[in-house]
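Each chain, written out:
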Amino acid sequence: MIEVEHLHKRFGDFVAVEDISLTIRPGEVLGILGPNGAGKTTTMRMITGYLHPDRGRVEVFGHDVTNAPLQVKSLLGYLPEGAPAYGEMNVRAFLDFVASVRGLRGRKKRERLDGVIGKLELEPVLQRPIDTLSKGFKRRVGLAQAIVHQPPALILDEPTDGLDPNQKHQVRQLILELAQNSLIIISTHLLEEVHAVCSRAIIIAQGRIVADGTPAALERRSRYHGAVRIQLPAAGLEAELAILPGIADIESDPMLPGRLLLIPKAGYDLFPAVRDWISQNGIEVLELSVERGRLDEVFRQLTLEETGPCA
Amino acid sequence: MRLIWIICRRELSSYFATPLAYVFLVIFLLLCGISTFYLGGWYERNQADLQPFFDYHPLLYLVLIPAVSMRLWAEERKTGTLELLLTLPVPLPAAVLGKFLAAWSFIALALILTCPLWITVNWLGDPDNGVILAAYLGSLLMAGSYLAIGECLSAATRNQVIAFILTVVVCLLFIAAGSPIVLDLFQRWAPAWLVDGIASLSFLTHFQDISRGVLNLRDVLFFLILICGWLWAASVVIENKKAG
């Protein structure tokens, strides 16, 4: 369990983190979302003990990070932003170094190293200097060093940044696998990642938490939540639809005539009304679906509210 | 202890993973040879000792040691591995000391590689090997002081060139502290104790005592305290300058 209470951090005049409180329990995968410079990395750096908070407290499985930094660090696995590693070392030597510092030795160390090397498929590059690796392999080396000691808590700063879609998928599978034994905090600005791996998401803007909930709960805050997408055979039926109860707005697709998005008023379930309208009028519909809501829209709305519309 | 050793070993192996170590060793040995035989006139002296060899060490170190120390922390800062290292369960003093010991043992290796000179002088004559041993020890201690200064200044910046230049300047001050140029500046207005104090900070006077075979505790302590002080300063700098 990680407990964060009233964390504050400023750099000179710039307020990086302002009064962030969080509790993350085992089994949770928390996604920290936010625009660049919102305070995601600073928050993670304070949890890992790299930066000292100006005010507030971080506890990791009962250890206070200010009073017992070494205990906290040995319980955490951390992938810093950009997955830094000693570029002149080869992969094997680097992972061996981290494992040794983490207190592993002898047979146990060999087993764990073989384990993470297998899990992250690093065999083909074991003897190559890290500097010569592709971005995907570098990121995997960074992940390997973070999990070599099987930490109960993992903190990953933008773990899939800069990876191609296949690699992203691979890393997300790995995160889901690791989530069975560890609590995980990841930061990202990729909203699809939240859907893919997170059981809970917070949105940070200007150093403050502006939303906290499951990805589905966040989507419900979108004006598109429950919106009905409909493809009619031809244009011209908008007026008929507009008088249905509960419709707030209709968006039409300029490229595809007859393709409409019906946006509900808050609290209305639009789908039954639309279904009835279709059957009553005997219209042949080519597509009909209900939107869950758009995380990116919630994200924009919440983070721009904070910075003002011009930002 | 174990952590210091692990850090030290990693650091040392990274010297040899790049051409840095080999370039340094070759140039160090080359300059040692030049300074001993040409500048020092070792043959012409007709004396069975290594005095000309050791006399040039303070100058040699002034150029070469900052080249070793500049990368110690500046590179970690630049590549972001500082964050990795400091979020591993390593106490900061262990990291500072481990890196220092790696650099120091590298210099020790360079000094050991000058042993052909020692063999030659023993072959040609009958030198006082006690004096030579003391001089080697003194040289190593002085190298440690240069390195500790360099490590601290390397911690202060992410730019290795700046770390190099700052280290050269500060080490130069420590060399020149006992020279008339510096002392004259202070003699006109400063009280005598201050002038004496500045003069006693000089690497040259302490090293020359040792290299003449006078291995007294005062000179050894001077270098050891200087090393500890600068290493402590390095850890303070790192602790307070993580975000940059």
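Located above this text is the structure these notes cover.
The rules behind each value
Residues numbered from 1 in each chain as written. Chains lettered and ligands numbered in written order. Predicted model: local features only at pLDDT ≥ 70, side-chain atom pairs only at ≥ 80, totals over all residues. Heavy atoms only, no water. Helix = DSSP H or I, 4+ residues; strand = E, 2+ residues; numbered from the N terminus. Contact = heavy atoms within 4.5 Å. Areas by Shrake-Rupley, 256 points an atom, 1.4 Å probe, with all protein chains shown as cover. Lys, Arg positive; Asp, Glu negative; His and termini not counted. Charge placed at Lys NZ, Arg CZ, Asp CG, Glu CD. Axes fitted to C-alpha atoms, helices over the stretch in contact; angles between N-to-C directions. Parallel < 35°, antiparallel > 145°, perpendicular 65-115°, else oblique. Left-handed = near helix turned anticlockwise from the far one by under 90°. Nonpolar A, V, L, I, M, F, W, Y, C, P; charged D, E, K, R; others polar. Buried < 20%, exposed > 50% of the residue type's maximum accessible area, 1.4 Å probe, protein only. Pairing = 2+ DSSP bridges. Right-handed = clockwise from strand over helix to strand, strands pointing away. Buried area = accessible area lost by both parts, 1.4 Å probe. Salt bridge = Lys/Arg side-chain N within 4 Å of Asp/Glu carboxyl O. Polar contact = N/O pair within 3.5 Å; in protein donor to acceptor, adjacent residues only side chain to side chain.

**Digging into the overall build of chain A**
Right, on to step 1. Per the secondary structure count, chain A includes 11 helices and 14 strands.
Right, on to step 2. Sequence-distant contacts in chain A: of pairs separated by 6 or more residues, those separated by 24 or more amount to 67%.
Right, on to step 3. Total accessible area computed for chain A in this model is approximately 14,100 Å², and 49% of it derives from carbon and sulfur atoms.
Right, on to step 4. Of the side chains in chain A, 36 bear a positive and 40 a negative charge, and the two mean positions are spaced by 7 Å.

**Regarding the packing of helix 3 (residues 91-101) of chain A against helix 4 (residues 106-119) of chain A**
Residues and elements named next belong to chain A.
Right, on to step 1. It is the contact of helix 3 with helix 4, at a shortest axis distance of 10 Å, that shows an interaxial angle of 130°. Taken together, the axes of helix 3 and helix 4 lie oblique to each other. Crossing angle aside, the handedness with which helix 3 passes helix 4 is right-handed. The residues of helix 4 that touch helix 3, namely those facing R92, L95, D96, A99 and S100, are K109, R110, L113, D114 and I117.
Right, on to step 2. Across the contact of helix 3 with helix 4, the residue classes break down as four nonpolar, one polar and five charged.

**Comments concerning the side chain of R259 of chain A**
Residue and element names in this part refer to chain A.
Right, on to step 1. Relative to the assigned elements, R259 resides in strand 13 (residues 259-264).
Right, on to step 2. According to the relative accessible area criterion, R259 is buried, its value standing at 17%.
Right, on to step 3. If we ignore the near neighbours within four places in the chain, the residues touching R259 are R229, I230, Q231, E251, S252, D253 and E287.

**Regarding the pairing of strand 7 (residues 153-157) of chain A**
All names here are of chain A.
Right, on to step 1. Counting buried positions over the five residues of strand 7 gives five, a clear majority of the element.
Right, on to step 2. The alternating pattern of strand 7 places A153, I155 and D157 and L154 and L156 on opposite faces, both of which are buried.
Right, on to step 3. When strand 7 meets strand 8 (residues 183-188), the two strands line up parallel, connected through five bridges. Note that in strand 8 the partner of D157 across the bridge is S187.
Right, on to step 4. Assessed by its sense of winding, the connection that carries the chain from strand 7 through helix 6 (residues 165-178) to strand 8 is right-handed.

**What to know about the interface of chain B and chain A**
Right, on to step 1. Taken together, the contacts link 26 residues of chain B with 27 residues of chain A.
Right, on to step 2. Roughly 2,500 Å² of surface becomes buried between chain B and chain A when both sides are summed, with 64% attributable to carbon and sulfur atoms.
Right, on to step 3. Interface area lost by chain B to chain A is led by R10, E83 and L84 of chain B, which between them contribute 26%.
Right, on to step 4. Summed over the shared surface of chain B and chain A, the number is two salt bridges.
Right, on to step 5. In this structure, R45 of chain A and E83 of chain B form a salt bridge, with 2.9 Å as the shortest nitrogen-oxygen distance.
Right, on to step 6. Applying the counting criterion to the chain B and chain A interface returns eight residue pairs in polar contact (both at pLDDT 80 or more).
Right, on to step 7. Every element with two or more residues in the side of chain B that touches chain A is listed here: helix 1 (2-17), helix 6 (71-79) and helix 7 (81-86) of chain B.
Right, on to step 8. Considering only residue class, the side of chain B that touches chain A consists of 13 nonpolar, six polar and seven charged.

**With respect to the sheet that holds strand 2 (residues 14-24) of chain A**
Within a sheet, neighbouring strands are paired by backbone hydrogen bonds and run either parallel or antiparallel to one another.
Residues and elements named next belong to chain A.
Right, on to step 1. Spatially, the four strands line up as an open sheet ordered 2-1-4-5, and their pairing is antiparallel. The open sheet has two edge strands with one neighbour each: strand 2 and strand 5 (63-64).
Right, on to step 2. Against the sheet, helix 1 (residues 40-47) engages strand 1 (2-11), strand 2 and strand 4 (55-60), with an angle of about 120° to strand 1.

**Observations regarding the packing of helix 1 of chain B against helix 8 (residues 92-112) of chain B**
Residues and elements named next belong to chain B.
Right, on to step 1. Two numbers describe how helix 1 lies on helix 8: the axes approach to 8 Å, and their chain directions differ by 45°. Of the possible angle classes, the one that applies to helix 1 and helix 8 is oblique. Two packed elements cross with a definite hand, and for helix 1 against helix 8 that hand is right-handed. Along its contact with helix 1, which presents I4, I7, C8, E11, L12, Y15 and F16, the element helix 8 presents A94, A95, L97, G98, K99, L101, A102, A103, S105, F106 and L109.

**Description of the environment of E239 of chain B**
Right, on to step 1. Turning to its location among the elements, E239 of chain B is positioned in helix 15 (residues 217-240).
Right, on to step 2. The spatial distance from the C-alpha of E239 of chain B to the C-alpha of C228 of chain B is 17 Å, given a sequence separation of 11 residues.
Right, on to step 3. Discounting chain neighbours no more than four positions away, the residues touching E239 of chain B are H52 of chain A together with L92 of chain B.
Right, on to step 4. Engagement of the side chain of E239 of chain B in a polar contact is seen with the side chain of H52 of chain A, the distance being 2.7 Å.

**Details of the environment of L62 of chain B**
Residues and elements named next belong to chain B.
Right, on to step 1. Tracing the backbone through its elements, the reader meets L62 in helix 5 (residues 57-69).
Right, on to step 2. By relative accessible area, which is 8% here, L62 ends up buried.
Right, on to step 3. A C-alpha to C-alpha distance of 18 Å links L62 and L224, two positions 162 residues apart in sequence.
Right, on to step 4. Among all residues touching L62, those that are not within four sequence positions of it are Y146, V168, C171, L172 and I175.

**Concerning the pattern of salt bridges**
All names here are of chain A.
Right, on to step 1. The full count for this structure, using the stated rule, is 25 salt bridges over all chains.
Right, on to step 2. Ionic pairing is found between R208 and E18, a salt bridge with its closest N-O pair at 3.6 Å. Of this pair, R208 sits in strand 10 (residues 208-213) while E18 sits in strand 2, and the two are 190 residues apart along the sequence.
Right, on to step 3. On the basis of relative accessible area, R208 is assigned to the partly exposed category, the value being 40%.

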